[in-house]
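# Coordinate inspection notes
So the chains spell out like this:
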Amino acid sequence: MAAAARPGTGAEELALLEKLLGLPKGNKYGVQGERKVPVLQTNNGPGLTGLMTIAAHLVKQAKKDQLLGSTAEEKAVVQQWLEYRVTRVDGGSSKEDVRIILKDLNIHLEDKVYLAGNIFTLADILMYYGLHHVMVDLTVQEKEKYLNVSRWFNHIQHYPGVRQHLSNVIFIKNRLYTNGH
Amino acid sequence: MRLRVAAGGPAALKVLAAAGAAAAPVRLVWGGPLGETAAAVAAPLPGREPVAPTPVIPAPQQGPPGLLPPAERPLAQLSPTWVPALELDSGTVLFSPNAICQFFFLARGEEPTDLTNQWLEWEATELQPAASAALYAQLVHGKKGLEAVEALGKLLAHIEQNLSRRGTAYLAGDAKSVADVVVWGTLFPVLQDETSLPSEMQALRTWFQSMTLSEACRKAADSVLMPKALLEFKSYLQKQPPPCLAMERATSN
């Protein structure tokens, strides 16, 4: 079932990220509230709360700070798409919400390789995990309609270490409808 | 860089306060998706504050609908609802209010920490939806005082607990950070009526008042809210669909 392949809770997604970053296992996660916000438990004091926050913390722990962007501009852009992920992608559940998200991303990715431009960042990783269940269900026609999203998604799922056990989403190389616009 | 804000758009407050607090040299463009009025003014520069209060931020003006000033490209090419928007000199457009605030602080070397990240994420996912609902209840349904901020109760308690447990003057430590500006900007329209602030939340009250009295926040509030008070917000909100909290949304259409 598609549901089984979906990185459902934040904790599962963070486990995928840990592995991708090459961090040793051992972090303990809980969930909080109705939205099931992930919480990273720590031995001393209160833990860290929130997918974006914990993900950025793990990246720094793995000393891969470049995944958060290098310049002020890149860092802000990464933050923006992480926020988009936790507010719009996670908050949106209707077909209409999904359509708007794909449309937004398709326009944004028109002239970019990655969400933050030419560098692969945490925003690509978390957006990929967050959209996996959406992309799995798209029809061939929809994949063509959101061509830039499809190209980006296919690129990210082949990025070393990202996909792991998640299902590979198939994209057709040749366009079926040449006048698709 | 150009910062586009919508007159009466609630997020205008936090981005203007952040630009002021971080002394970012921005050109302001007032206007919604339909019209833009370019008003070139630099935000306060670092250094001494001027003695006399100078209006560094021009009053909101609505541009003629559908007409763009010549030689001005429209900002964000994305969904037109995305105001505020910050266009950087590179051409990159930031559309998330929190990312815009973060950029201003990053640009002067203030890096995010686990704590500032956590406050920003909490603000975007928890506080913001609840504050919009509370503001709607106040302005559109005419609820007053504590009744109007009912939906915010737990969230205000969260701030109170964090401030009193850490014993710091600001949310992420002893110095003001992007977290304070972002959280204040969302709370101010809802809490400026003093009766809305629960009296037992002493740490929250102290923090909130010190933020409200700070130069950057005061100027931003003056330009966005005063003297027309919340009428701007009201007319903006009345044009929007009623906010609904994510958890209340139907899971299917």
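Attention here is on the structure that accompanies the text. Model, not experiment: these values are computed from the prediction.

We now examine the environment of Pro38(A). Residue and element names in this part refer to chain A. Along the chain, the position of proline 38 falls in strand S2 (residues 37-41). Given a relative accessible area of 6%, proline 38 falls into the buried group. With 27 residues separating them along the chain, proline 38 and alanine 11 place their C-alpha atoms 5.9 Å apart. Ignoring any residue separated from it by four or fewer positions in sequence, one finds proline 38 in contact with Gly10, Ala11, Leu14, Gly30, Leu48, Thr49, Gly50, Leu51 and Ile54.

All names here are of chain A. Running from amino to carboxyl end, helix H4 (residues 72-89) crosses helix H6 (residues 122-136) at an angle of 15°, the nearest separation of the two axes being 8 Å. Regarding the angle of H4 to H6, the classification is roughly parallel. The crossing of H4 and H6 is left-handed. Residue-level contacts link Val78, Trp81, Leu82, Tyr84, Arg85 and Val89 of H4 to Leu122, Ala123, Leu126, Met127, Tyr129, Gly130 and Leu131 of H6. Among the residues forming the contact of H4 with H6, the class breakdown is 11 nonpolar, 1 polar and 1 charged.

Attention now goes to the sheet that holds S2(A). Residues and elements named next belong to chain A. With antiparallel pairing, the 3 strands of this open sheet are ordered in space as S1-S2-S3. Only two strands of the sheet have a single neighbouring strand rather than two, namely strand S1 (28-32) and strand S3 (48-49). The pairing of S1 with S2 spans 5 bridges and is classified as antiparallel. Following the sheet pairing, glycine 30 is matched in S2 by valine 39.

Residue and element names in this part refer to chain A. For S2, the buried fraction is high: 4 of the 5 residues fall into the buried class. Count of turn residues in the S1/S2 antiparallel hairpin: 4 residues, of which glycine 33 carries a positive phi of about 75°. In this sheet, S3 lies alongside S2 in antiparallel orientation, the contact comprising 2 bridges. Note on S3: the bridge partner recorded for leucine 40 is leucine 48. Hairpin remark: S2 followed by S3, antiparallel, with 6 residues in the connecting loop; positive phi at glycine 45, about 80°.

The next subject is the packing of helix H7 (residues 202-213) of chain B against helix H8 (residues 215-224) of chain B. Residue and element names in this part refer to chain B. With their axes 5 Å apart at the nearest point, H7 and H8 run at an angle of 70° to one another. It follows that H7 is roughly perpendicular to H8 by the angle criterion. Contact with H7, carried on its side by Met211, Thr212 and Leu213, involves Glu215, Cys217 and Arg218 of H8 and no other residues of that element.

Counting residues at the interface gives 34 residues for chain B and 36 residues for chain A. Buried area between chain B and chain A, summed over both chains or domains, comes out near 2,900 Å², and the portion from carbon and sulfur atoms is 53%. Summed over the shared surface of chain B and chain A, the number is 2 salt bridges. With a shortest N-O distance of 2.9 Å, Glu111(B) and Lys75(A) are connected by a salt bridge. Listing elements by their share of the side of chain B that touches chain A, those giving two or more residues are strand S5 (93-94), helix H2 (97-107) and helix H3 (114-139) of chain B. Take the side of chain B that touches chain A: its biggest share by element is 8 residues, from H3(B). When grouped by side-chain class, the residues that make up the side of chain B that touches chain A number 15 nonpolar, 13 polar and 6 charged.

Here we take up the pairing of strand S1 (residues 2-5) of chain B. All names here are of chain B. Going residue by residue along S1, you find Arg2 and Arg4 tucked away on one face and Leu3 and Val5 tucked away on the opposite face as well. Here S1 pairs with strand S2 (residues 27-30) via 4 bridges, running parallel. Directly across from valine 5, in S2, lies its bridge partner tryptophan 30. Bridging between S1 and strand S4 (residues 85-87) involves 3 bridges; their strand directions are antiparallel. Its bridge partner being in S4, arginine 4 is matched across the sheet by alanine 85.

Moving on: H7(B). Residues and elements named next belong to chain B. Helix length check: H7, at 12 residues, gives a terminal C-alpha distance of 17 Å against a target of 16 Å (1.5 Å per residue), a fit within 8%. When we look at burial in H7, the residues that qualify are Leu204, Arg205, Trp207, Phe208, Met211 and Thr212. Contacts made by the buried residues of H7 are with helix H5 (153-166), helix H6 (178-191) and H8.

Residue and element names in this part refer to chain A. Positive phi, normally seen in glycine, also occurs at lysine 63, with a value near 55°. Within the secondary structure layout, lysine 63 lies in the loop between helix H3 (51-61) and H4. For lysine 63, a relative accessible area of 70% corresponds to the exposed category. At glutamine 164, a position not held by glycine, the phi torsion is positive, near 55°. Within the element layout of this structure, glutamine 164 appears in the segment after helix H8 (147-157). Overall, the relative accessible area of 26% leaves glutamine 164 in the partly exposed class.

Cut-offs used in this document
Positions within a chain are numbered from 1, following the residues in the order the chain's sequence is written. Each chain gets a letter, beginning with A, and each ligand a number, beginning with 1, in the order they are written. Note on the predicted model: pLDDT of at least 70 is required for a residue's local features to be given, and 80 or more for side-chain atom pairs to be given and counted; whole-chain, interface and lining totals, by contrast, use all residues. To get the side-chain values, take all heavy atoms of the structure and skip hydrogens and water. Working definition: helices are DSSP H or I runs of at least four residues, strands are E runs of at least two. Numbering for both runs from the N terminus. Using a 1.4 Å probe on the protein chains alone, a residue whose accessible area is under 20% of its type maximum counts as buried, one over 50% counts as exposed, and one in between counts as partly exposed. Every residue pair with non-hydrogen atoms within 4.5 Å of one another is taken to be in contact. The axes used here are C-alpha line fits, helices contributing only the stretch in contact, and every angle between their N-to-C directions lies in the interval 0 to 180 degrees. Here the word oblique covers every angle except those under 35 degrees (roughly parallel), over 145 (roughly antiparallel) and from 65 to 115 (roughly perpendicular). In this scheme the crossing of two helices becomes right-handed for a clockwise turn of the near helix relative to the far one and left-handed for an anticlockwise turn of less than a right angle. For this classification, Asp, Glu, Lys and Arg are treated as charged, while Ala, Val, Leu, Ile, Met, Phe, Trp, Tyr, Cys and Pro are nonpolar and the rest, including Gly, are polar. What makes two strands pair is DSSP finding at least two bridges between them. Put simply, buried area is how much 1.4 Å-probe accessible surface two parts lose in total, over both of them, once they are put together. The working definition used for a salt bridge is a side-chain nitrogen of Lys or Arg within 4 Å of a carboxyl oxygen of Asp or Glu. Multiply 1.5 Å by the residue count of a helix minus one, and that product is the helix's expected span.

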